[in-house]
Each structure stands twice: as structure tokens, then as C-alpha cells.
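Chain residues, written in single-letter form:
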Protein chains: 2
Amino acid sequence: IMKRRLLLVSNSTLHGGGYLDHCQQQIKDFFGKQVTRILFIPYALHDRDAYTRMARDKLKTLGYEVDSVHEAADPVEAVRKAEGIFIGGGNTFRLLKNLYDNNLVTEIRTRVLQDGVPYMGSSAGSNVATVSINTTNDMPIVCPPTFSAIGLVPFNINPHYLDPDPHSRHMGETREQRIMQYHEEPETPCVLGLREGSMLLVEGHKATLLGSTQARLFQRGKTTTEYAPGSDLSFLLTDAH
Amino acid sequence: IMKRRLLLVSNSTLHGGGYLDHCQQQIKDFFGKQVTRILFIPYALHDRDAYTRMARDKLKTLGYEVDSVHEAADPVEAVRKAEGIFIGGGNTFRLLKNLYDNNLVTEIRTRVLQDGVPYMGSSAGSNVATVSINTTNDMPIVCPPTFSAIGLVPFNINPHYLDPDPHSRHMGETREQRIMQYHEEPETPCVLGLREGSMLLVEGHKATLLGSTQARLFQRGKTTTEYAPGSDLSFLLTDAH
């Protein structure tokens, strides 16, 4: 776990910008110059070819070549050889089901935690990096074998975290109410609500909030807390969380 | 199936009104005077006692006594004896898990389809009446054994259906995009998006849209269609849908 390096991004695209524009500096800082090829996992979207083209085009401008796991003859072998991993956003249920169907969950965990392969996730790709996908916003369009995920950190993330709209007349639950309902269930881990524009950098036992927006932390039985960009969130990596 | 009677409501509370106010006339028309006691299923919310009190108070003003399944020594027996069933809203995953944990899914299906017991659902309670909960809006806070639901109709519902907000800067998928993603998966049934204020009345092989708002129908590989209150949607009950 000392080798663990993660960049968990709330959202792939920020309003008014292009794909991964808002986090491109953090991506370059994260993968650095040692990594030259990144293994992309496009499982969260239906059109994997188109998705891979988009990721490949963008990451090329940052100096990285992209191999997609769906183009590999053996996906497990592709993970075993990867210098860096990027799991893109889309539907979290579809993503997790495909990761299990291709036997990649344990393999990715091993590569990241034991071999120190840097892992970047965006939206659904951040959800699956955590304990479970119990706090995704997505529609359950397919059923994965379990909601347990790769487990690279001991807490959950809610990407695209959204504050209530005071003018809304819609009566569906707010995001906060949904996360509170999660914490009505026993032994549920804390949930970091990453607003669009924010991301979490994890290096070994250190976690830092990056980006342009605050994050909101939900802990079972405690009041919620706001954290500004630059905050040290390393306490989330201890077992108690 | 000729005996089937369902009232599937999009939302329990409409903006500016009280609990079940917006559909109280339809509830009275639906259960009528033959039904005197309604079996309430509060499994979608954590505080079942408080939820039952709310349902009991409201339905009493409409002339019905309420028994809650969570107060029964034997939930299956309570369903077997029920004159009418009402499943309330809340979290759809929690609701479906509790229905399976208490062996009620098959029992309710039998009572409604074979014995003609009237079934009212609201929000999550409408989701579980359909083929599956694949088109719920809720957070997957617990994992039911399957997403397959009671199956009283051969299509799915999206309750609280929401049109895109043209002014939003939020980059999460719109409701329509989410349902489109569901239809990227093979052999997925059509989805009736019930906006807040609308409800579907099913009597045998006849289905009618009631309430104050339009519904939007999504069919795999076809363009979406809008239906006004009063529309005959009986075609949804045939096997082709």
C-alpha cells in the first residue's frame, strides 16, 4: 500500500471545457515522464472504439500513448503488463460487471497496491476504485455479481456531487439525502462527495484534494464536513474510515 | 391477468402538497368501497414505524384502515390475507431486498395476478411492480439478490421522470441519456417515464394514463413518444413490449 498512487477524478468533462481539459495538468503531474503508455479501460460506455479514440486523442496531446484493454487479446495479460491504468466514466454498473466478467478486479488491485502501477479513474472509474459502488449516481442498467469494487481505498466516493437546488420543484431525493440513506445501513464506510471540478490524489498513505471545487465528507453518525482544494485528507486512508 | 388491478403512481408527494394529496381521488376510485383494510409495505424507508404512521393517517382520511406488513408476525400470511396492497416509495434497492428477504415477491405476484388483489405502488413501489428495477433513480445502498422485480406488467417504469434542465451546468447524464444507456443493453423492455403528477391505472388488459402531467415512452430502437393524461396505453401490456 505504500506504493499506491491514485488520481480519482469526479468528472471527465467540466461545463464549457473539453474531455479531461480541467484535469490535464494533474494528469501530467500524476503519470509523469516515466509512464509512456497508459492502459485505458472503456467498459463503462457501449461504444468502446469511439470512447478509446477520444481518450487516445486527448492523452496523446499530453504525451501518452493509449492501449485499450478491449483491443487486447488477453485483458488480464494487458493489466499485468500495464505501466499505468486509466478507467473512464460512463455507467458504473456496466463498468463493474465488465471488470468482473473479464477477471480484472483482483488483477488491477494487485497491480496497483503491490506493484505501484498508477491508477487514474474518472467518474465511474473513481467509483470502482473504492470499497463499493453503493454510492454511484448511475442507473442500474445491468447487474454486476456484487457491488464490492476494486477496493484501493477504504472509503466510498460520490462523483459529480451535487448541492440541492433551492428553486427545484422536483421531489426526488437530494444527493445528500441519498447518501444519508446509505448511512442508515449498518457498517457503511464514509463517503467523499467530489463536486465536478475536484479530484483526490492518493500517494501511499497521503491523500490530497485537488482541483477547483470543495468536497463534502459524509461520515455515518457524524455531521458532514466541507474541505477546500489543497486539504490533506490522509485520515480517510486509515482503517477507521 | 384479467383480474389484475394496479395503480402505479410516479411520486408520493407533489411540490406544494401533502403526502398522497395529488392522487387521493384516484386512490379512492381505485380501492373503492369493497376494500376496507389496506396492507402497507414500508420497506423502502428505514423508519418503518414513522412511515406507517404517515400512510395510516393519510389513508384513514380516505376511509381505509392500514395494517403494516412489518407489524405482522408472518409477512407472507399478511399478504395472503390482504384485501389491498400499497407499497410506498423510498429506496428501491432496499425495498426489493426486503421483499426478497421476506419471501414476498412471488406471494404478491400470485395475489395480484391470480386473486385480483388491488395493488397500489408509489415511486419505488411502482418500480418493483414492473419487470425489474433497472430503471430506478435510486442509489444502490444495498444489494438485492437480483434486479428482477414482481413483474405485474411486461415493461419498466421510470418514476419521477425529469426533463433536462437547459440551464444546468452539471455534466452528469440526463434522465433520458440514462434510459438510452439501458436500451443499449440487449433485450431490454420499454420504459415508461412517469413525470411527477402522473400515474398509470391498469385494469386487466387495459392501461390508462392518469394525473396532471404527460408521460414519455422509451422503446428500444425507436423514437420516444409523449402521452397526455387520459391516453390509452393498453398496448404496453402485450408481450411485444
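Further up the page is the structure itself.
Read on for a plain summary of the structure. (Residues numbered from 1 in each chain as written. Chains lettered and ligands numbered in written order. Predicted model: local features only at pLDDT ≥ 70, side-chain atom pairs only at ≥ 80, totals over all residues. Heavy atoms only, no water.)

### Observations concerning the pairing of strand S5 (residues 119–122) of chain B
All names here are of chain B.
(1) Moving on: Of the two faces of S5, the one lined by Tyr119 and Gly121 and the one lined by Met120 and Ser122 are each fully buried.
(2) Moving on: Judged from the four bridges that link them, strand S1 (residues 5–9) and S5 form a sheet pairing that is parallel. The residue of S5 that forms the bridge with Leu7 is Met120.
(3) Moving on: Summarising the sheet, strand S4 (residues 85–87) and S5 pair through three bridges and their orientation is parallel. Opposite Ile87, over in S5, you have Gly121 as the bridge partner. (Buried < 20%, exposed > 50% of the residue type's maximum accessible area, 1.4 Å probe, protein only. Helix = DSSP H or I, 4+ residues; strand = E, 2+ residues; numbered from the N terminus. Pairing = 2+ DSSP bridges.)

### Points about the sheet that holds strand S2 (residues 37–41) of chain B
Residue and element names in this part refer to chain B.
(1) Moving on: Taken in spatial order, the seven strands of this open sheet run S3-S2-S4-S5-S1-S8-S9, and their pairing is mixed. Lying at the two open borders of the sheet, with one neighbouring strand each, are strand S3 (65–68) and strand S9 (206–211). Adjacent strand axes in the sheet meet at a mean angle of 20°, parallel and antiparallel pairs treated alike.
(2) Moving on: Against the sheet, helix H2 (residues 48–61) touches S2, S3 and S4, its axis set at about 160° to S3. (Axes fitted to C-alpha atoms, helices over the stretch in contact; angles between N-to-C directions. Contact = heavy atoms within 4.5 Å.)

### Thoughts on the sheet that holds strand S4 (residues 85–87) of chain A
Residues and elements named next belong to chain A.
(1) Moving on: The sheet built from seven strands is open, its strands ordered S3-S2-S4-S5-S1-S8-S9 with mixed pairing. Every interior strand has two partners, whereas the edge strands, strand S3 (65–68) and strand S9 (206–211), have only one. Going from strand to strand, the sheet's axes swing by 20° on average, the running direction of each strand aside.
(2) Moving on: Taken together, the five bridges between strand S1 (residues 5–9) and strand S8 (residues 198–203) define a ladder with antiparallel strand orientation. Residue Val9 lies in a different strand from S8, and its bridge partner there is Met199.
(3) Moving on: Helix-sheet contacts for helix H1 (residues 24–31) involve S1, strand S2 (37–41), S4, strand S5 (119–122), S8 and S9, and the interaxial angle to S1 is about 170°.

### Things to note about the layout of surface pockets
(1) Moving on: Here the largest pocket defines a volume of roughly 1,400 Å³.
(2) Moving on: Leu162(A), Arg175(A), Leu162(B), Ser168(B) and His170(B) are the residues nearest the centre of the largest pocket, which is lined by 44 residues in total.
(3) Moving on: Elements with a contribution of two residues or more to the lining of the largest pocket: helix H7 (175–182) of chain A together with helix H6 (124–127), strand S6 (156–161) and helix H7 (175–184) of chain B.
(4) Moving on: Roughly 400 Å³ of volume is contained in the second largest pocket. (1 Å grid on protein atoms, 1.4 Å probe; cavity = no way out; pocket = protein on both sides within 12 Å on 5 of 7 lines; lining within 4 Å. Points joined across faces, edges and corners; volume = space filled by probe spheres on them.)

Read these as spatial facts, not as claims about activity.
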